[in-house]
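Residues per chain are reported as follows:
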2 protein chains.
Amino acid sequence: MALRRKKSGGIGRPEGFGYPRPVSTPGGNGEARTGKPPTLRDVAREAGVHVSTVSRVLNDQAAAGRITQDTDERIREVARRLGYRRNSIARALRTGRTLVVGMVVPDVANLYQAGITRGAGDVLYAHGYSLILASTDDDPKHAESQVSAMLGVQADGLLYGVAREDDAVLAWLVDEGIPVVLFNRGAESREISAVLPDDRTGTRLAVEHLLSLGHRNIVHVGGPEDVSSTVNRLGTFEEVLQEAGLRGSHGFAHRHTEEEGYRVTSDLLEERPDTTAVLAANDRLALGAIDAIREAGRSCPEDVSVVGFNDMPYGDRFSPPLTTVHISQNNLGSMAAKLLLETIADPGRPAETHLAAPELVVRGSTAPAQTDRSSL
Amino acid sequence: MALRRKKSGGIGRPEGFGYPRPVSTPGGNGEARTGKPPTLRDVAREAGVHVSTVSRVLNDQAAAGRITQDTDERIREVARRLGYRRNSIARALRTGRTLVVGMVVPDVANLYQAGITRGAGDVLYAHGYSLILASTDDDPKHAESQVSAMLGVQADGLLYGVAREDDAVLAWLVDEGIPVVLFNRGAESREISAVLPDDRTGTRLAVEHLLSLGHRNIVHVGGPEDVSSTVNRLGTFEEVLQEAGLRGSHGFAHRHTEEEGYRVTSDLLEERPDTTAVLAANDRLALGAIDAIREAGRSCPEDVSVVGFNDMPYGDRFSPPLTTVHISQNNLGSMAAKLLLETIADPGRPAETHLAAPELVVRGSTAPAQTDRSSL
DNA sequence: CTGTTAGCGCATTCAC
DNA sequence: GTGAATGCGCTAACAG
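Residues numbered from 1 in each chain as written. Chains lettered and ligands numbered in written order. Predicted model: local features only at pLDDT ≥ 70, side-chain atom pairs only at ≥ 80, totals over all residues. Heavy atoms only, no water.

**Notes on the sheet that holds strand β10 (residues 305-307) of chain B**
All names here are of chain B. So the rule is basically this: Two strands are counted as paired when DSSP detects at least two bridges linking them. Helix and strand assignments follow DSSP, with helices taken as H or I runs no shorter than four residues and strands as E runs no shorter than two, numbered in order from the N terminus. Helix axes are fitted only over the stretch in contact, all axes being lines through C-alpha atoms; the angle between N-to-C directions runs from 0 to 180 degrees. Pairs of residues are marked as contacts when any of their non-hydrogen atoms sit within 4.5 Å.
Taken in spatial order, the four strands of this open sheet run β8-β7-β9-β10, and their pairing is parallel. Each end of this open sheet is capped by a strand with a single partner; those strands are β8 (249-252) and β10. Each neighbouring strand pair of the sheet contributes to a mean axis angle of 20°, computed without reference to strand direction. The sheet contact formed by strand β9 (residues 277-280) and β10 spans three bridges and is parallel. What sits directly across from Ala277, in β10, is Ser305. The sheet strands contacting helix α8 (residues 199-212) are β7 (218-222), β9 and β10, and the helix crosses β9 at an angle near 170°. Helix-sheet contacts for helix α10 (residues 258-271) involve β7 and β8, and the interaxial angle to β8 is about 150°.

Next comes the structure, spelled out in structure tokens:
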């Protein structure tokens, strides 16, 4: 480990601490309020009223003119003085609602995802919800256990960002009847609300940009085959090319990583040496594509142009700056959160799909096609 | 909004949905198992035993030879068949432990933080804990409400990544007696466990690197003044320079953003036009510094070198690739999580501080100092 | 307007 | 080895 211990205090048990022992109240640190957090009962006793009255006051039901001004104030004062904080566990058990929402992403550490998380988190927080986050490494196995854990904590709903075409976990969730909103990736086959990038429009923008630069030999680096955006982006890629009387090759990455982008692009470049442009299904794949181009002894954008998708943070600082299709991550996340909140409030509402509008951002990784090399 | 509605299904209430109405069981979708998740009692009835027996079995207390092999198997079978899942809310209410940990970061969407979050999340998850995440925008006001929310859900412990020198929220947490582990930023004044980057060693590495390149006029772009790493990094910066018989200027950014890095660097460059190198307290500030250098009509690294800190993801792809001090985010996060778990298990244990070892990563943003311009 | 009552689902002490 | 009883802290009828 690249970690050094400063003030050591016992190495701590070697591994996996079993069941932690009961949280004993430190020492006889007695005195005033330390010992145990105050409960409704404590407040009630102190204020000389019944527990339920306190509950009502603290839940602002006093607004309905149901509580004496005086009682109300006294209770609030006592609560404040005692440092009362509602135990949401108890409340959740009673009401059946936890005000917790789970969010499942492929990787928390992924930049693009992080923006979505932020957008969703802000909205949820503003509505009094907490956000439980889990990474699955885009592995369905992990997804299942993570989701299971979220159901375990009785999350009121889930934001699911790892949908696949035949997603067993998703099927299960729907089956359980728990509110779910998909983001980023859809599941055409199911009636579930989703907030997705407008893959078709975005891809069209990108391909047309390449065409307008004179590119005729374009290849596409797709993502995993059973992900909705992969299908949509590839479909549109071929469609637009066809409209222009062209045909392009493509390959699929197993994961949305630079390594995979590199691998697929390398193969594609070998197979079609006349390639002058590559459209990647996402920015990380695009980065890998640029690596592959260089590795092949060519340069980007002089020899071959590259377009990404998503507009991940710092894309403008890369070398070359990445031409890509921008999707507002923050918006996507907050929309998904709002939709989920609405679904939780009204489980019966019909599924809705929102598409986040794409925007082409032209930067340095694309340039006019070179005069055909082979004809020289 | 850059969002379009596809299948619209009612715009949904304009804003803030008050208290969602009770989750009514959809329709008479009755039939078998849909309606309500099975409880211990359901399993007990179905298996013809008492609730407590089921509880014991499902908590593996059978291991102690306290349950008949037969009963054990039967119960497990029934539980599986009914799709029983433990209600952790109820369990938490009973045991006083939620198996939930809160994590407070300045910004979820920050790359460096994201890696830490990932490391922590993995460890926590492996130990059966869930992670609640909150962004504070590095604003103490937000921190308070976020932390309050976390205490509300009765988190068993907190990973606190926004500590300031006089941190009221932190003081409050300690007061409450809730297990806390700081990460990234420490609070010297308190006896709290922490996992921090080794600021001193890291800064020394960076400054010595610049000195070895022949730089003599070095400035430092520090972070917010009341953050431990700012203090440590600045202190070491001055110390190392002094050892070399030099003195450097510095400025403080209000936040760790590119904009602030730009602002501070611009000021510094104006004040000390002979500057040939800048040491930034973190990578984002470094990025801003590079912007400022260009804006001033100079170039990096030719005219002035820049060193960052943290080694954020993709730093190697920037233009120029960033020379920086690497800190393993993943390790830092997982160490913090482990420490917290240990603290939760044994609240009495003495505070420990772990320092994550830094490593200088030399890339393209630093170069040998030019011959002194003024002497030409 | 406020007090009483009754659990939410589970873990745990005590009997047998 | 298993059942019975109790209560975690809270909200939600229902009385008064």
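**Description of the protein's contact with DNA strand C**
Where we set the bar: For each residue, the test is whether any non-hydrogen atom lies within 4 Å of the molecule or strand; if one does, the residue is near. Side-chain atoms alone can form a polar contact between residues adjacent in sequence; in general such a contact is a pair of N or O atoms within 3.5 Å, and within protein one must be able to donate a hydrogen while the other accepts it. Here the term charged refers only to Asp, Glu, Lys and Arg, the term nonpolar to Ala, Val, Leu, Ile, Met, Phe, Trp, Tyr, Cys and Pro, and the term polar to all other amino acids, Gly among them.
Looking at DNA strand C, there are 26 residues lining it, with His50 and Arg94 of chain A together with Leu40, Tyr84 and Arg94 of chain B nearest. Sugar and phosphate atoms form 57% of the subset of DNA strand C atoms that lie within 4 Å of the protein. For DNA strand C, a phosphate oxygen lies 3.3 Å from a polar atom in the backbone of Asn87 of chain B. At a separation of 2.9 Å, a phosphate oxygen of DNA strand C approaches a polar side-chain atom of Arg91 of chain B. Secondary-structure elements contributing two or more residues to the surface near DNA strand C are α2 (51-58) and α4 (88-95) of chain A together with α2 (51-58) and α4 (88-95) of chain B. Examining the composition of the surface near DNA strand C, we find that four residues originate from one element, α4 of chain B, more than from any other. Here the surface near DNA strand C is built from residues that sort into six nonpolar, 13 polar and seven charged.

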